[in-house]
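Residue strings, one per chain:
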Amino acid sequence: MAAVHGDAHSHGHDDHHPSGIMRWVTTTNHKDIGTMYLWFSFTMFLVGGFLAMGIRAELYQPGIQILEPELFNQFTTLHGLIMVFGAIMPAFVGFANWQVPMMIGAPDMAFARMNNWSFWLLPVAATLLVSSFFVPGGAAAGGWTFYPPLSVQGGLGVDLMIFSVHILGASSIMGSINIITTILNMRAPGMTLMKMPMFVWTWLITAYLLVLVMPVLAGTVTMLLTDRHFGTSFFNAAGGGDPVLFQHVFWFFGHPEVYIMILPAFGIVSEIIPTFSRKPLFGYSSMVYATASIAILSCVVWAHHMFTAGMPTVGQLFFMYATMLIAVPTGVKVFNWTATMWQGSMTFETPMLFSIGFIFLFVLGGFSGVICAIVPIDIQVQDTYYVIAHFHYVLVSGALFALFAGAYYWIPKWSGRMYNETLGKWHFWLSMFFFNLTFFVQHFLGLAGMPRRIPDYNLQFADFNMISSIGAFGFGLTQLLFLYIMISCIRSGEKAPQKPWDGATTLEWTHLPSPAPYHSFEKPPVVN
Amino acid sequence: MVSNTDTKANNLMKKKLLIFALIMFVFGFALVPFYEKFCEVTGVNNLLQPDIRVKENRVDEARWITVELDANTRGLPWQFKPLQSSVKIHPGEPVDVMYEITNNSDREINGQAIPSYSPRNLEKYLKKFECFCFTKQVLKPNETRQMPVQFVIEPDLPPEIHTVTISYTFFELPGGASAIRK
């Protein structure tokens with residue numbers, strides 16, 4: 001980890017910080033904290049990936065070979081929880097920590113001490129979550145959405161999960177407060193709201209969504225906890241509660257949550273596409289409004305996750321149309337990215353490849369989302385592999401590909417060194433191939449009726465499952481290549497110039513050397 | 001680095017956002033009564049509330065429906081049974097049936113019955129005016145109680161349905177609590 005900043009020392013003017021491990025424990029520097037967020041999320045990505053490999057290994061053939069059904073359920077549950085709360089979300093917060101202050105010309109985050117706190121809560125929560133595998137009864141096994149009654153009945157593992165979600169929620173809320181305050185109060189002179197880079201805009205809106213819905217999730221898991229241990233009956237039908245209420249409250253958080261995971265991805269892609277098209281972003285202000293409309297709409301569509309849970313037809317119609325409406329601002333974004341590339345002098349370095357891959361595959365995932373929004377079809381595909389395929393297309397080839405794109409794009413600024421372009425391209429093409437091998441066939445499995453979260457399946461599904469598993473193993477191994485590329489870049493990559501991408505226009509490229517000094521913009525730049 | 005006025009503005013912003021987060025936490029809990037009220041007003045999910053008696057009752061004397069009565073307990077030492085296993089009725093006619101519970105243990109127990117109907121959507125046509133499931137039942141050690149259920153099955157019941165089942169399951173209320181309001 002320390003290698004990331006190996007060169008930063010020579011640039012620092014007055015960076016008297018402790019060295020060794022205490023540097024990282026006590027740091028309040030946004031760049032250090034961003035680095036820790038990114039390494040943490042990559043570690044959790046490997047843990048969640050290991051669980052995914054276990055799931056796909058079990059599903060390689062019909063029958064039970066490797067994982068007993070109980071353990072399989074724990075694997076699927078923790079895979080979801082770890083990837084959502086441990087990998088994707090902290091990775092975006094890591095990007096925000098590194099990039100937001102540099103892109104708006106601020107010296108650091110608004111609340112540096114709180115920033116340190118929000119990071120160091122994460123390893124605690126992750127430890128609780130992962131250690132729940134080793135308590136009697138094992139980890140939570142009722143799915144990452146932890147619906148009652150299963151989550152009311154489960155063992156100690158569920159309690160650990162609940163505490164873990166509490167801590168992760170607290171961390172996210174603190175992180176968002178920090179980001180909102182930094183963006184609203186600490187922009188360089190001349191940097192008006194409508195001049196902010198798109199990445200900063202998407203994070204501002206995401207942070208508001210987080211403050212809006214994370215406390216609701218905290219309330220939900222608190223109700224679950226009191227139902228389990230203190231005799232309340234929020235979700236316990238026997239005591240007059242209602243399990244369907246849980247689903248409503250959970251998805252009131254859960255749907256904005258999926259946009260929390262994708263809006264910053266939109267932001268990263270909106271930085272990269274203009275850079276490598278050597279044109280300004282097409283329709284900047286429409287991009288801002290589209291992001292805001294997606295965020296607002298995301299709060300009124302939650303019940304499309306529950307069409308089969310029992311709902312009046314009027315309700316189903318409302319949630320169906322509201323959901324389909326989200327395709328409009330999303331379409332505006334896709335149009336703008338395409339129009340940005342139109343007649344641009346494009347080059348295809350790794351960040352650009354991942355961004356174009358993102359647009360292509362995210363649109364596929366978006367379309368299957370619109371299909372799932374249609375009530376009669378949703379009732380058919382509810383809880384099948386079609387849904388699995390849909391949300392992996394938006395979360396893996398959406399959020400994760402954007403994270404890779406961002407990592408390749410900004411690593412020269414962060415480490416002062418270039419990554420190996422050939423290997424980066426290999427990483428992209430292998431990811432692209434194996435991702436589609438894994439998840440495209442799952443559409444067919446779902447349409448044919450294969451249910452999710454079951455360790456065994458009918459013989460008719462055998463071939464597609466084998467293809468999907470082979471793809472998953474390939475995709476998993478490919479990500480080790482990413483780890484290798486990043487480490488060798490940080491250790492021994494070629495020295496990067498201040499602005500290695502000639503189309504880049506944001507402050508971190510135009511005003512700061514590579515690697516970015518430990519303390520940047522102590523005197524704010526003037527933006528005109 | 002950051003001037004004093006900036007810190008002040010930042011702290012104010014932090015305070016506002018923290019309060020907003022706190023409000024949203026409370027809002028999560030406020031969704032519970034809101035949800036219950038919403039279900040009550042829209043008539044979704046009102047299994048545990050009495051229906052309003054309609055004045056004129058159209059009785060379809062040409063049609064017979066068999067109502068099977070079922071009783072279960074889950075996790076409490078009670079004996080629970082209907083006094084008649086089934087009744088034959090005309091749609092539209094008010095029916096009274098009796099259930100009996102006995103507390104076989106030597107401690108006082110609070111129980112709550114939760115109804116379940118078959119076929120699906122029967123609750124649209126079933127109007128209940130009196131039921132032991134509307135309140136919690138408290139039984140002293142070895143006490144026996146007989147309890148009526150009064151209901152009407154409306155004549156709009158689809159004609160292909162000849163047999164319906166009304167089932168109750170008694171659950172023990174932990175710590176004597178009940179979320180059901182009278």
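Cut-offs applied
Residues numbered from 1 in each chain as written. Chains lettered and ligands numbered in written order. Predicted model: local features only at pLDDT ≥ 70, side-chain atom pairs only at ≥ 80, totals over all residues. Helix = DSSP H or I, 4+ residues; strand = E, 2+ residues; numbered from the N terminus. Buried ≥ 20, exposed ≤ 12 C-beta atoms within 10 Å, placed from the backbone. Contact = placed C-beta atoms within 7 Å. Pairing = 2+ DSSP bridges. Axes fitted to C-alpha atoms, helices over the stretch in contact; angles between N-to-C directions. Nonpolar A, V, L, I, M, F, W, Y, C, P; charged D, E, K, R; others polar. Domains from an automatic or database assignment. Expected span 1.5 Å × (residues − 1). Bend = angle between axes of the 7 residues up to and from the residue. Core = buried A, V, L, I, M, F, W, Y, C linked by C-beta atoms within 7 Å. Parallel < 35°, antiparallel > 145°, perpendicular 65-115°, else oblique. Left-handed = near helix turned anticlockwise from the far one by under 90°. pLDDT = per-residue confidence, 0-100.

(A) Looking closely at the overall build of chain B. Regarding its fold elements, chain B presents one helix and nine strands. Shown N-terminal to C-terminal, the secondary structure of chain B runs as helices and strands in the order α-β-β-β-β-β-β-β-β-β. A burial count over chain B gives 19% of its 182 residues as buried. Intrachain contacts of chain B at a sequence separation of at least 6 include 76% that bridge at least 24 residues.

(B) Seen up close, the sheet that holds strand β9 (residues 163–172) of chain B. All names here are of chain B. Read across the sheet, five strands follow the order β3-β1-β9-β5-β7 without closing on themselves; strand pairing throughout is mixed. Taken across any chain shown, the strands that pair with only one partner, and hence form the sheet edges, are β3 (86–89) and β7 (137–139). Taking each pair of neighbouring strands and ignoring which way they run, the sheet shows an average axis angle of 30°. Inspection of the sheet shows strand β5 (residues 109–118) paired to β9 by eight bridges, in the antiparallel sense. Counted as the bridge partner of Gln112 is Phe171 from β9.

(C) How the structure looks around the interface of chain A and chain B. Contacts between chain A and chain B engage 33 residues on the former and 32 residues on the latter. Secondary-structure elements contributing two or more residues to the side of chain A that touches chain B are α7 (156–185), α8 (198–229) and α9 (243–277) of chain A. A total of seven residues in the side of chain A that touches chain B trace back to one element, the largest contributor, which is α8(A). Residue classes in the side of chain A that touches chain B are distributed as 19 nonpolar, eleven polar and three charged.

(D) Fine view of the domain arrangement of chain B. One can read the domain layout of chain B as domain 1 (1–46) and domain 2 (65–176). For domain 1 of chain B and domain 2 of chain B, the distance between their C-alpha centres works out to 41 Å.

(E) Up close: the environment of Glu349(A). Residue and element names in this part refer to chain A. By secondary structure assignment, the location of Glu349 is in the loop between α12 (327–341) and α13 (350–373). It is 7.2 Å that separates the C-alpha atoms of Glu349 and Glu421, two residues lying 72 residues apart in sequence. Dropping the residues within four chain positions of it, Glu349 is found in contact with Phe276 and Glu421.

(F) Here's a closer look at unusual backbone geometry. All names here are of chain A. Cis peptide bonds are those with omega within 30 degrees of zero, and the linkage from Pro148 to Pro149 qualifies with 5°. Its location among the elements puts Pro149 in the loop between α5 (112–131) and α6 (150–153). Of note, the bond from Ser514 into Pro515 is cis; its omega dihedral lies within 30 degrees of zero at -10°. Topologically, Pro515 is positioned in the segment after α18 (507–510). Not every positive phi belongs to a glycine, and Phe146 is a case in point at roughly 35°. Relative to the helices and strands, Phe146 is located in the loop between α5 and α6. The backbone of Arg278 shows a phi angle near 55°, a positive value even though the residue is not glycine. Positionally, Arg278 belongs in the loop between α9 and α10 (284–297).

(G) Inspection of helix α16 (residues 421–447) of chain A at higher detail. In this model, α16(A) (27 residues) spans 39 Å end to end at C-alpha, consistent with the 39 Å of a helix rising 1.5 Å per residue. Its axis deflected by about 30° at Asn436(A), α16(A) carries its strongest bend there.

(H) Here's a closer look at α9(A). Residues and elements named next belong to chain A. In a regular helix each residue adds 1.5 Å, so 35 residues correspond to 51 Å; α9 covers 51 Å between its end C-alpha atoms and thus fits that length. Residue Trp251 marks the point of greatest curvature in α9, where the axis turns by about 30°. Across the 35 residues that make up α9, a large majority, 32, are buried.

(I) Representation of the nonpolar core in the model. In terms of nonpolar packing, the biggest core is built from 174 residues, with Ile88(A), Val200(A), Val269(A) and Ala405(A) touching the most fellow members. Of the residues forming this core, the biggest block, 22 residues, is contributed by helix α15 (residues 385–415) of chain A. Not counting the four nearest positions on each side in its chain, Ala405(A) is found in contact with Ile268(A), Val269(A), Ile272(A), Pro351(A), Phe354(A), Ser355(A) and Phe358(A). Ala238(A), Leu76(B), Ile101(B) and Cys133(B) belong to the second-largest nonpolar core, a separate cluster that totals 15 residues.

(J) Representation of the environment of Ile23(B) in the model. Residue and element names in this part refer to chain B. Secondary-structure assignment places Ile23 in helix α1 (residues 4–42). With 12 C-beta atoms counted inside 10 Å, the residue Ile23 sits in the exposed group. Sequence-wise, Ile23 and Pro155 are 132 residues apart; in three dimensions their C-alpha atoms are separated by 48 Å.

(K) View of the sheet that holds strand β8 (residues 144–153) of chain B. All names here are of chain B. Here four strands make up an open sheet; going across it, the order is β2-β4-β8-β6 and the pairing antiparallel. Since the sheet does not close on itself, it has two edges, and those belong to β2 (78–82) and β6 (126–130), each with one partner. Each adjacent strand pair in this sheet contributes to an overall mean axis angle of 30°, direction not counted. When strand β4 (residues 95–103) meets β8, the two strands line up antiparallel, connected through eight bridges. The residue of β8 that forms the bridge with Thr102 is Thr144.

(L) Structural detail: the packing of helix α4 (residues 69–104) of chain A against α7(A). Residue and element names in this part refer to chain A. Following both chains from N to C, one finds α4 and α7 inclined at 15°, their axes separated by 11 Å at the closest point. By the angle between their directions, the pair α4 and α7 is classed as roughly parallel. Crossing angle aside, the handedness with which α4 passes α7 is left-handed. On the side of α4, the interface is formed by Leu81, Phe85, Met89, Val93, Ala96, Val100, Pro101 and Ile104, while α7 contributes Met161, Leu168, Ser172, Gly175, Ile179, Thr182 and Ile183. Classifying every residue of the contact of α4 with α7 by side-chain character gives twelve nonpolar, three polar and no charged.

(M) Region of the structure containing the packing of α5(A) against α7(A). Residue and element names in this part refer to chain A. At a minimum axis separation of 8 Å, α5 and α7 run at an interaxial angle of 160°. Between α5 and α7, the interaxial angle falls into the category roughly antiparallel. As for how α5 packs across α7, the hand of that crossing is left-handed. In this structure, α5 contributes Met114, Asn115, Trp117, Ser118, Leu121, Leu122, Val124, Ala125, Leu128, Leu129 and Ser131 to the contact, and α7 contributes Leu160, Met161, Phe163, Ser164, Ile167, Leu168, Ala170, Ser171, Met174, Gly175 and Asn178. Of the residues in the contact of α5 with α7, the class split is 15 nonpolar, seven polar and no charged.

(N) Quick look at the confidence of the model for chain B. Residue and element names in this part refer to chain B. In this model, chain B carries an average pLDDT of 84, and 90% of its residues clear a pLDDT of 70 or more. Per-residue pLDDT, averaged within each element of chain B, yields its smallest value for β5 (86) and its largest for β3 (92). Scoring the predicted complex yields pTM 0.88 and, for the interface, ipTM 0.87.

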